[in-house]
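# Per-entry structural report
For reference, the chains in residue letters:
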Amino acid sequence: TLVPNAFYYAPVLLPFALGNGVVAGSLYLAADVLAGGPKALAQHRLFNGLVPLFGPALGATTAMLVPYTYPLCWGFVFPWDDSFQDLTMKTIFNVSTHPFVSSCLSFTGLAAGLVIHKMLEPVILGLSGWSWP
């Protein structure tokens, strides 16, 4: 399983986690500013208010944009390793826009955005009837 061996894999995953965090954080910051804050952003929902709009949308957008950050993040975390030196944006575009890969990226991002939105919404906005500082 992954858990006992996560210590060995963590350094390799760091550049990808860094890219994901930067892209997702930037997109959420821009969406919050444009919408007028997290409360205004959370009001946009689908299916009679059951499904949030922006969590899944920003998750899918993050998943489609983040592969372009991987070569830069790899070089930032491992400056001595030139494994991705020849990886061009054209190559990333060709791989990311392949129908199979783009559908995997977008659906995974959509699902992750939905789950993360549902988990963080009560923490950020609070719950009705509970006092929130």
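For the structure, see preceding data.
Anyway, here's the lowdown on the structure attached to this text. (Residues numbered from 1 in each chain as written. Predicted model: local features only at pLDDT ≥ 70, side-chain atom pairs only at ≥ 80, totals over all residues. Heavy atoms only, no water.)

### Here we look at the overall build of the chain
Helix and strand counts for the chain come out as 6 helices and 2 strands. Of the regular secondary structure in the chain, the N- to C-terminal order runs α-α-β-β-α-α-α-α. Counting across all 133 residues of the chain, residues that qualify as buried make up 24%. Once local pairs closer than 6 in sequence are excluded, the contacts in the chain between residues at least 24 apart make up 72%. For the chain, the accessible surface area stands at approximately 9300 Å², while carbon and sulfur atoms represent 74% of it. Side chains of the chain give 4 positive and 5 negative charges; the mean places of these two sets differ by 20 Å. (Helix = DSSP H or I, 4+ residues; strand = E, 2+ residues; numbered from the N terminus. Buried < 20%, exposed > 50% of the residue type's maximum accessible area, 1.4 Å probe, protein only. Contact = heavy atoms within 4.5 Å. Areas by Shrake-Rupley, 256 points an atom, 1.4 Å probe, with all protein chains shown as cover. Lys, Arg positive; Asp, Glu negative; His and termini not counted. Charge placed at Lys NZ, Arg CZ, Asp CG, Glu CD.)

### Quick notes on helix H4 (residues 70–77)
Taken together, the buried positions of H4 are Pro71, Cys73, Trp74 and Val77. Here the buried residues of H4 occupy an arc of 165° about the axis, which is enough to place them on one side. Set apart from the buried face of H4 by more than 90 degrees, the exposed residues are Leu72 and Phe76. (Arc of directions from axis to C-beta.)

### A few points about the environment of Gly129
In this fold, Gly129 is placed in the segment after helix H6 (99–125). Under the relative-accessibility criterion, Gly129 is labelled exposed at 80%. In this structure, the C-alpha to C-alpha distance between Gly129 and Ser103, residues 26 residues apart in sequence, is 40 Å.

### A word on unusual backbone geometry
The backbone of Phe47 sits at a positive phi, close to 55°, despite the residue not being glycine. Tracing the backbone shows Phe47 in the loop between strand S1 (45–46) and strand S2 (51–52).

### Considerations on the pattern of salt bridges
When their charged atoms lie close together, side chains carrying opposite charge are able to pair. Scanning the entire structure with this criterion turns up 1 salt bridge. Ionic pairing is found between Arg45 and Glu121, a salt bridge with its closest N-O pair at 2.2 Å. Of this pair, Arg45 sits in strand S1 while Glu121 sits in helix H6, placing them 76 residues apart in sequence. (Salt bridge = Lys/Arg side-chain N within 4 Å of Asp/Glu carboxyl O.)

### Some words on a nonpolar patch on the surface
There is a patch of nonpolar side chains on the surface, built from Val115, Ile116, Met119, Leu120, Val123 and Ile124 and spanning about 550 Å² of accessible area. For Leu120, the position within the fold is in helix H6. (Patch = residues over 30% accessible without salt bridge, like charges linked within 9 Å, V, L, I, M, F, W, Y side chains within 5 Å.)

Limitation: the analysis is restricted to geometry and does not speak to function.
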